[in-house]
Amino acid sequence: MSQRKDGAADVGGGFSGWLLHHAARSAPESLAERLAEEWLADLSTRQSGWSRLRFAIGCCWATRVIAYQHYAPTLAPSSAVAGTRLLAGDGRRGSGFLSRRTTTFLLVVGLHVVFFYVLIAKLSQTMVPAKTLPLQNRAVTEPKLRDLPPPPKPQPFDPRRLDLTPPDTHLAIEPEPKTLSGPEIDRAVPPRDQSPPTTPPPAEHTAQQIQGGPGAGFPNPDDFYPSFARYREEQGVAIVNVCVDERGRLTSDPTTVQGTGFPQLDEGALKLARAGSGHYRASTEDGKPVKSCYPLRIRFKLKN
Amino acid sequence: MGKREQKVRMSLQTLRVLETFLENPTEQLSGADVHQRCGIASGTLYPILLRLEAAGWFVSQWETIDPSSAGRPRRRLYRLTSTGLKRVTEVFASFNRGVLA
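Note that the coordinates shown come from a computational prediction; the quantities given were computed from them, not determined experimentally. (Residues numbered from 1 in each chain as written. Chains lettered and ligands numbered in written order. Predicted model: local features only at pLDDT ≥ 70, side-chain atom pairs only at ≥ 80, totals over all residues. Heavy atoms only, no water.)

> I would appreciate a short explanation of the sheet that holds strand 6 (residues 283-285) of chain A in the present structure.
The strands that make up a sheet are held in pairs by hydrogen bonds between backbone atoms, and each pair lies either parallel or antiparallel. Within the open sheet, the 3 strands sit side by side as 1-6-7 (chain A). Their pairing is antiparallel. Because the sheet does not close on itself, it has two edges, and the strands there are strand 1 (209-210) and strand 7 (288-290) of chain A. (Pairing = 2+ DSSP bridges. Helix = DSSP H or I, 4+ residues; strand = E, 2+ residues; numbered from the N terminus.)

> Sorry if this is basic, but what is going on with the packing of helix 2 (residues 29-43) of chain A against helix 3 (residues 42-54) of chain B here?
Packed helix pairs are characterised by how far apart their axes lie and by the angle those axes make with each other. Running from N to C, helix 2 of chain A and helix 3 of chain B point in directions that differ by 130°, and their axes come no closer than 13 Å. Between helix 2 of chain A and helix 3 of chain B, the angle falls in the class oblique. Seen from above, helix 2 of chain A lies across helix 3 of chain B with right-handed handedness. Residue-level inspection shows A:R34, A:L35, A:E38, A:W39 and A:D42 of helix 2 of chain A in contact with helix 3 of chain B, the latter providing B:Y46, B:L50 and B:E53. Its residues placed into classes, the contact of helix 2 of chain A with helix 3 of chain B shows 4 nonpolar, no polar and 4 charged. (Axes fitted to C-alpha atoms, helices over the stretch in contact; angles between N-to-C directions. Parallel < 35°, antiparallel > 145°, perpendicular 65-115°, else oblique. Left-handed = near helix turned anticlockwise from the far one by under 90°. Contact = heavy atoms within 4.5 Å. Nonpolar A, V, L, I, M, F, W, Y, C, P; charged D, E, K, R; others polar.)

> Would you mind showing me how to read the sheet that holds strand 2 (residues 58-62) of chain B here?
Residues and elements named next belong to chain B. With antiparallel pairing, 3 strands are arranged side by side in an open sheet as 1-3-2. Each of the sheet's edge strands pairs with one partner strand only, and the pair in question is strand 1 (29-30) and strand 2. With 5 bridges connecting them, strand 2 and strand 3 (residues 76-80) associate as antiparallel partners. Bridged to Q61 within strand 3 is L77.

> Can you walk me through the nonpolar core in this structure?
It is characteristic of soluble globular proteins that their nonpolar side chains tend to be buried jointly. Counting 41 residues, the largest nonpolar core has A:W39, B:V17, B:F21, B:W57 and B:F58 as its most contacted members. Apart from residues lying up to four places away in sequence, B:V17 is in contact with B:V34, B:I40, B:L45, B:I48, B:L49, B:L52 and B:F58. By size, the runner-up hydrophobic cluster in this structure holds 17 residues, among which are A:A238, A:V242, A:L265 and A:L272. (Core = buried A, V, L, I, M, F, W, Y, C linked by side-chain atoms within 4.5 Å. Buried < 20%, exposed > 50% of the residue type's maximum accessible area, 1.4 Å probe, protein only.)

> How should the packing of aromatic side chains be read in this particular structure?
This model, assessed by the stated rule, comprises 10 aromatic pairs over all chains. Between A:W39 and B:Y46, the aromatic rings sit 5.7 Å apart at their centres with planes inclined by 65°, giving edge-to-face as the arrangement. Here the residue A:W39 occupies a position in helix 2, and B:Y46 occupies one in helix 3, the pair thus bridging two chains. For A:W39, a relative accessible area of 0% puts it in the buried group. Note on A:F218 and A:Y280: the rings are 5.1 Å apart at their centroids and 70° apart in plane angle, and the pair reads as edge-to-face. One end of the pair, A:F218, is in the loop between strand 2 (213-214) and helix 7 (227-231); the other, A:Y280, is in strand 5 (residues 280-281), and 62 residues separate them in sequence. Judged by its relative accessible area of 18%, A:F218 is buried. Among the aromatic residues, ring-to-ring pairing joins A:W39, A:F55 and B:Y46 into one connected group. The cationic tip of B:R76 hangs over the ring face of B:W62; the distance from NZ or CZ to the ring centre is 4.9 Å. (Phe/Tyr/Trp six-rings, centres within 6.5 Å; stacked < 30°, edge-to-face > 60°. Lys NZ or Arg CZ within 6 Å of the ring centre and 35° of its normal.)

> Quick question: what am I supposed to make of the confidence of the model for chain A here?
Detailed conclusions should not be drawn from predicted coordinates in areas where pLDDT is low. Residue and element names in this part refer to chain A. For chain A, the mean per-residue pLDDT works out to 74, and 66% of the residues sit at or above 70. Element-level pLDDT for chain A is lowest in helix 6 (residues 182-188), with a mean of 38, against a maximum mean of 91 in strand 3 (residues 236-244). Contacts from residues 86-95, a stretch scored under 50 in pLDDT, to residues over four places away or in other chains number 18 contacts. In the model, residues 169-191 has pLDDT below 50 throughout and makes 1 contact with residues more than four positions away in sequence or in other chains. (pLDDT = per-residue confidence, 0-100.)

> Is there a simple way to explain the state of the cysteines in this structure?
By definition, a disulfide is the covalent link that joins the sulfur atoms of two cysteine residues. Residue and element names in this part refer to chain A. Applying the stated criterion across every chain, the model contains 1 disulfide over all chains. Free cysteine C60: the closest other cysteine sulfur is in C59, separated by 7.2 Å. For C60, a relative accessible area of 22% puts it in the partly exposed group. (Disulfide = S-S within 2.5 Å.)

> What's the story with unusual backbone geometry in this structure? I'm lost.
Note: most residues except glycine have negative phi, and most peptide bonds are trans. All names here are of chain A. Of note, the phi angle at E233 is positive, near 55°, even though the residue is not glycine. Mapped onto the elements, E233 comes out in the loop between helix 7 and strand 3. Of the residues examined, E233 reaches a relative accessible area of 56% and is grouped as exposed.

Structural data, given as structure tokens:
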């Protein structure tokens, strides 16, 4: 390793280089030389010793997977699965009555059974029955209160003894200028000897409007979550404007009011809104369904 | 590693590697470059690169430098083949077909 910047990198690089050579030697013969040179070149791009060590350990793992892929190309497994099989032994290559996978499964189940049996047995031994102690009755003497002086006798109320001197404050309150004109005062306080009061005008009738929304049989939004957006872990809330008639059918093509920032999610929201035609709950006025347009909020959220 | 066409099983890491190469299909990338761009560890990355090369999706060659004058070992550079580009496009298009269905 010619490019060593500091002492830590020197130590890590030396050991990492040794690990890489060791890993490459374990690779298939046709690939060993190539992998050693390739990995050493890629190792030289890493600066810190810790990063080089991680890289070298990863290459050791990669060697095992590459060897597995090389000698068993027909299986073509993914790398992680291949490595796991390589370390744990291929479950299909069973020896004797049970395969290794089945044996491992039975072993794990057996260990669980033993663990819970021991746990329950131990708990049952440590449970101690509650002991009932005999009741002991003894007289409790009431503590004596300390002798306090008697309260003063209430004196009869004498109004002449009240000190009613006014407080030493000076308030300067200027009279408010009269700005109210006569008619306004008249409106505030109507005279009594006028004509009988007229009945107030009836209040205007306001129609009770209830906005519609997705109704029964509306499609499941998960069915319209774009697959590629799932892969890219894209999430967001789209607001789509829909115009719906009295029977819950779309009267025009939905339009995006507020996008999610991801074109595929927005497109999925429009598809969902279109697919829901006939399954919308129409808006109502005084309980009667009417045509209306309203925003529909669609959230795309990945479930863990 | 032969160049015969074979079925490649798609894992999330494989998709990330392919996505990295799709950003500029004509660019040649070393394993270290791919690691820097998609963050896949070496233990997973190199088996994927070799598997895709064996499947004929990638082709690799040594960097054309003189290691003694450059002061570093030559790198192995990977590039998408025309077959690989076609297959990768099909794979990612299959995701889009799911949207349009």
